[in-house]
Amino acid sequence: MSTEPENIESLVNQRYKHGFITDIETDALPPGLDEDVVRAISARKNEPDWMLEWRLRAYRQWLAMREPEWAHVHYPPIDYQEISYFAAPKSDADRPKSLDEVDPKLLETYDKLGIPLHERARLAGVAVDAVFDSVSVTTTFKDKLSEAGVIFCSFSEAVENHPELVEKYLGSVVPQRDNFFAALNSAVFSDGSFVYVPKGVRCPMELSTYFRINAANTGQFERTLIVADEGSYVSYLEGCTAPMRDENQLHAAVVELVALKDAEIKYSTVQNWYPGDENGKGGIYNFVTKRGDCRGANSKISWTQVETGSAITWKYPSCILRGDNSTGEFYSVAVANNFQQADTGTKMIHIGRNTSSTIVSKGISAGKAQNAYRGLVKVMPQAHDARNYTQCDSLLIGKECGAHTFPYMEIKNPGAHVEHEATTSKISANQLFYCRQRGISEEDAVNMIVNGFCKEVFNELPMEFAVEAQALLNVSLEGAVG
Amino acid sequence: MRPDGLAALPKQALETAVSARSPLTPDLPRQAALARFLKRGFPSTRAEDWKYTDLSAAIDVTRDWLAAGAVSGIPDSLADDAAALTGNIDASWVVVGNGQIVGDLPAESGKDGIVVERLSRAAVEPSIEQPLADLNAALLTDGLHVRVPKGARPSRPLGILYLDQTDEDPLVSLQRAVIDVEAGAQIAVIEYHASKGRGGHYSNTQVELSVGDGGSIDYVRLQNRDRAHSQTQRLGVTLARDSAFRHFALDLGGALTRNDLTIDIAGPGAEARFDGLYIAGDGQHIDNHTRVDHRVGPARSAQEYRGILRGQCRAVWNGKAIVHEGADGTDAVQGNHNLLLSEGAEIDAKPELEIYADDVKCAHGTTVGQLDESALFYLRSRGIGPSDAQRILTHAFAASIVRELPIGRLSDAVNTLIDRRLGDSLAMESA
């Protein structure tokens, strides 16, 4: 809080000199975690005192917390002292110089996904200066956004430039001690995104393409904060259909959304981190806390996710429906193949009057994967006339996979209407036979059926993304049939 | 909320009470059960399965009862009360009063082809290991062993009345039954729980049921305890090839009621159908946990529980179906529907599926809501008063599940109990 304005300004200038990709070769910290590491991270990011204090409080709380064991996932214990909490991204010198040096298998995948040519180099981690024209694209977007008054920047920049907003909203949806991984993230988060949409503004574009180009290296402890002020609207797209490779095995991100009166936030995720190989070796542990707070009346938060990557996914994007007439939505497709394990779902907490929530979850298990839906619908005593509809379907492909549902319903108001439906089935021999008979190959037939199964969720994605997501699903299930 | 029930119990009194018990079968390992219980204590709300149910009330009674010497006499009036409860239900009745077998066992003579013995004389070893089952095994006075021999088809149901009475003193009743339905045998069993008296009361019942190849059992559990008393009950069922288990559970009374129904489908072709109705009013907490393990296929399980909640009360329903690897051809359906009729009522529902096989058909549906407004309006528009309209629709909601009652001759008795309970609850509303 005590940071001088001049100081902030100088910091701002300092960072902008380097653009978005900072050369932080020297920033790598040795493995291990203690208060000094937290201080070092904060210092390297030139954070004000309050931010450091906030991190330290989180760290001290984390020390007293235990790693959760309730999820339906199994993995060897994580040694938190073995991890480097400020690892530098690959320097340009280590990167491939052009697409010719990139693993042809990866390029083949891009092709299948229909990723635009000029994005491929960036996604494959080709050195920045080799990437076609990305800077100018970025600048165009930035101009357009600032015209509308939308603040969209990295989290570090937000701490420097908009400390009052960050301090007001940071941790107000996901408190530091919310859970083990959120506390860890709060202590050591590397960077992330910050969005503020002012009163009455409809964000002029999907904050998607921009992000896709911007976020080649999001770091393993990502922190996102989106605030939609009264009457505003924003659609935010996180992630990318292209396979993301990362050396960091543990990812613990936190996403906080705040929707004030009459505001709407649409948050779409496509998660395709490295899932490990066919034998279950390697892969990302993705422990994410995502929560949206419909703080004002008539606000709306909508989560859409397509989860195909990661060895382990532990993720429950949730909505706190505090404002009267607020709405929460959760649309999810989770695919687990080979040895992947997914435990994902949502929480809808109804607090205000006339709140409503919709949950549509589609889980697909193949290979030896385990896929679980875990959800909570809670209607508080004061939440009159709450409405929830939940549909949660699982599709099994193969004999060795598992599909599970763990829905919790806690209803404390007699005016609530809560409906929950779930089904589990496999692709029927009849469906397959019908398609085969009409000359469709088995793989195409399975893809078609699976895409049909997920249609309700894909419909919620921004259009171009929906097309990519369908292609992604097909790629993810490769080798699952036949 | 007390996280650890063990700390609240006087260990020494517990040990003394256990040593004072006479040996049951040579096999019933009282001391081992006590040792296990002392290690784990009562389940706490930190355990996932007990998240919504706090056993404090039962723990308090147990502590007071142990402190008072852990004695359970049988009041003189008990026989008359038992006769009144069972009089209009045509069955061979065994009465267990305050945890002790009262009078003669009807089938010791081999009547109707079934054998009912005291557990202390039977050569069976109760097998469930759970904290509450351990407490039961440690302190049990005697239990029942029911054997339905191969191919036997007794014409009358077997009724077991668990009746507890305590005028002033705290009372803990420990009850246990082991029921073996042998291959091809068929039987109907009624398990009836009732209690009265002003003293604190906790009843702990453990039932183990196994059904042999091609055997079948219709099992109805009725619970209408005093609304200040507590009960925990566990029914564990093992089903062999082509066997059938049809179950209906009715919970009307009790301050704290927790029922665990676990079904193990161990043979292909087995079929389990289990339904339940719970009606909760002021001060009541009714928790039904069901779990079915499909270990082999093909097999079917279907359940539907319905709840009516009015007043300051809470009901919990947790249905779990686990389809194990290789249990292809499994068909599992779960349904749970609740009417929340007033402020202060809470339902916690959790239908769980864990599936490790792909050739399966599994589904669940859960709803929480109120009486249909247009149906209410329809009745009102035909000149039916608001409370009558409500009663008719509430009855209809209950009736759609009572219709599935597996023992047809019980339907009058069951409907009378439900009518009386709903009548009370509506009277409370208008008062």
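Just so we're clear, the structure is a prediction, and the values are computed from it rather than from any experiment.

Enquirer: Any chance you could explain the overall build of chain B here in plain terms?
Expert: Scanning chain B from terminus to terminus reveals eight helices and 19 strands. Relative to a compact globule of 431 residues, whose C-alpha radius of gyration would be 22 Å, chain B shows 21 Å and is just as compact. In terms of principal-axis extent, the alpha carbons of chain B reach across some 65 × 50 × 45 Å. For chain B, long-range pairs separated by at least 24 residues make up 84% of all intrachain contacts whose partners lie at least 6 apart in sequence.

Enquirer: How should I be thinking about the overall build of chain A in this particular structure?
Expert: Check the secondary structure of chain A and you find 14 helices and 19 strands. The long-range fraction of contacts in chain A, counting pairs at least 24 apart against all pairs at least 6 apart in sequence, stands at 85%.

Enquirer: Looking at this structure, I do not really get unusual backbone geometry. What am I missing?
Expert: Excluding glycine, a negative phi dihedral is what most residues carry, and trans is how most peptide bonds are arranged. Residue Pro298 of chain B is bonded to the preceding Gly297 of chain B through a cis peptide linkage, with omega at -5 degrees. If you check the backbone angles, Asp385 of chain A has positive phi at about 60 degrees while not being a glycine. Looking at the element boundaries, Asp385 of chain A is found in the loop between strand S16 (370–379) and strand S17 (387–397). Unlike most non-glycine residues, Ala70 of chain B shows phi in positive territory, near 55 degrees. Take Ala70 of chain B: it is sitting in the loop between helix H3 (56–67) and helix H4 (78–86). Looking at Ala70 of chain B, the number of C-beta atoms within 10 Å reads 19, which means it is partly exposed.

Enquirer: Explain the nonpolar core to me, please; I cannot follow it from the model alone.
Expert: Soluble globular proteins: nonpolar side chains tend toward being buried together. With 204 residues, the main nonpolar core has Val195 and Ala228 of chain A as its most contacted residues. If near-sequence neighbours (up to four positions away) are discounted, Val195 of chain A is found in contact with Ile151, Phe152, Leu207, Ile226, Val227, Val234 and Tyr236 of chain A. In this structure, Leu34, Phe37, Ala137 and Leu139 of chain B belong to the second largest nonpolar core, which totals 26 residues.

Enquirer: Teacher, can you tell me more about the packing of helix H11 (residues 429–437) of chain A against helix H12 (residues 442–453) of chain A here?
Expert: If you want to describe how two helices pack, look at the angle between their axes and the distance between the axes. All names here are of chain A. Interhelical geometry of H11 versus H12 gives an angle of 125 degrees and a closest axis separation of 9 Å. By the angle between their axes, H11 is oblique relative to H12. Of the two elements, H11 crosses H12, and the hand of that crossing is right-handed. Of H12, the residues touching H11 (which contributes Gln431, Leu432, Cys435 and Arg436) are Glu442, Ala445, Met448 and Ile449. The class makeup of the residues in the contact of H11 with H12 is five nonpolar, one polar and two charged.

Enquirer: Mind showing me how you'd approach the pairing of strand S13 (residues 341–344) of chain A here?
Expert: One face of the sheet, then the other: side chains in a regular strand alternate in exactly this way. Residues and elements named next belong to chain A. On S13, burial covers both faces: Gln341 and Asp343 on one face and Ala342 and Thr344 on the other are all buried. Two strands pair when backbone bridges link them, and strand S10 (residues 312–315) and S13 are joined in this way by four bridges, in the parallel orientation. What sits directly across from Thr313, in S13, is Ala342. Relative to S16, S13 runs parallel, the two being bridged by four bridges. Bridge pairing in S16 places Gln341 opposite Gln370.

Enquirer: I tried to follow the interface of chain B and chain A on my own but got confused; where do I start?
Expert: Note: interface size is frequently given as the accessible area lost on complex formation between the parts. Each partner contributes to the interface: chain B provides 31 residues, whereas chain A provides 27 residues. When residues of the side of chain B that touches chain A are traced back to their parent elements, those giving at least two are strand S18 (345–355) and strand S19 (360–369) of chain B. Looking at the side of chain B that touches chain A residue by residue, the class counts come to 14 nonpolar, seven polar and 10 charged. Bridge count between strand S18 (residues 402–411) of chain A and S18 of chain B: six bridges; the pairing is antiparallel. Each residue of the ladder has a partner; that of Ile411 of chain A, found in S18 of chain B, is Ile347 of chain B.

Enquirer: So what exactly am I meant to see when it comes to the packing of helix H2 (residues 30–40) of chain B against helix H5 (residues 131–139) of chain B here?
Expert: Residue and element names in this part refer to chain B. The interhelical angle for the contact between H2 and H5, taken along N-to-C directions, is 140 degrees, at an axis separation of 8 Å. In terms of orientation, H2 and H5 fall into the oblique class. The handedness of the crossing between H2 and H5 is left-handed. Within the contact between the two elements, H2 uses Arg30, Ala33, Leu34, Arg36, Phe37 and Arg40 and H5 uses Pro131, Asp134, Leu135, Ala137 and Ala138. Of the residues contributing to the contact of H2 with H5, the split by class is seven nonpolar, no polar and four charged.

Enquirer: When you look at the confidence of the model for chain A in this model, what are you seeing that I'm missing?
Expert: For any part of a model where pLDDT is low, the fine detail of the predicted coordinates should not be relied upon. Residue and element names in this part refer to chain A. Of the residues in chain A, 78% have a pLDDT of 70 or more, and the chain-wide mean is 81. Taken together, the stretch residues 126–137 has pLDDT below 50 and engages in 23 contacts with residues farther than four places along the chain or on a different chain. Counting contacts from residues 209–218, a segment whose pLDDT is below 50, to residues more than four positions away or on other chains yields 16 contacts.

Enquirer: Help me understand the environment of Val178 of chain B in this model?
Expert: Residues and elements named next belong to chain B. In this fold, Val178 is placed in strand S6 (residues 171–181). What makes Val178 buried here is the crowd of 22 C-beta atoms within 10 Å. With 34 residues separating them along the chain, Val178 and Leu144 place their C-alpha atoms 6.2 Å apart.

Enquirer: Even after reading the chapter, I still don't get the pairing of strand S14 (residues 285–294) of chain B, so can you show me in this structure?
Expert: Residues and elements named next belong to chain B. Here S14 lies mainly inside the structure; nine of its 10 residues are buried. Judged from the 10 bridges that link them, strand S12 (residues 256–265) and S14 form a sheet pairing that is parallel. Looking across to S14, one finds that Ile265 is bridged to His294. In this sheet, strand S16 (residues 313–323) lies alongside S14 in parallel orientation, the contact comprising 10 bridges. Bridge pairing in S16 places Asp287 opposite Val316.

Enquirer: Which parts of the structure should I look at to understand the environment of Gly326 of chain B?
Expert: Residues and elements named next belong to chain B. Position of Gly326 among the secondary structure elements: in the loop between S16 and strand S17 (330–340). By the C-beta count within 10 Å, which is 13 here, Gly326 ends up partly exposed. Remark: the alpha-carbon pair of Gly326 and Val296, spanning 30 residues in sequence, is separated by 6.6 Å.

Enquirer: I tried to follow the environment of Cys362 of chain B on my own but got confused; where do I start?
Expert: The topology assignment puts Cys362 of chain B in strand S19. Take Cys362 of chain B: there are 25 C-beta atoms within 10 Å of it, and that puts it in the buried class. Residue contacts for Cys362 of chain B: discarding those within four places in its chain leaves Thr424 of chain A together with Ala321, Val323, Ala332, Leu353 and Ile355 of chain B.

Criteria and thresholds
Residues numbered from 1 in each chain as written. Chains lettered and ligands numbered in written order. Predicted model: local features only at pLDDT ≥ 70, side-chain atom pairs only at ≥ 80, totals over all residues. Helix = DSSP H or I, 4+ residues; strand = E, 2+ residues; numbered from the N terminus. Rg over C-alpha atoms; globule rule 2.2 N^0.38 Å. Contact = placed C-beta atoms within 7 Å. Buried ≥ 20, exposed ≤ 12 C-beta atoms within 10 Å, placed from the backbone. Core = buried A, V, L, I, M, F, W, Y, C linked by C-beta atoms within 7 Å. Axes fitted to C-alpha atoms, helices over the stretch in contact; angles between N-to-C directions. Parallel < 35°, antiparallel > 145°, perpendicular 65-115°, else oblique. Left-handed = near helix turned anticlockwise from the far one by under 90°. Nonpolar A, V, L, I, M, F, W, Y, C, P; charged D, E, K, R; others polar. Pairing = 2+ DSSP bridges. pLDDT = per-residue confidence, 0-100.

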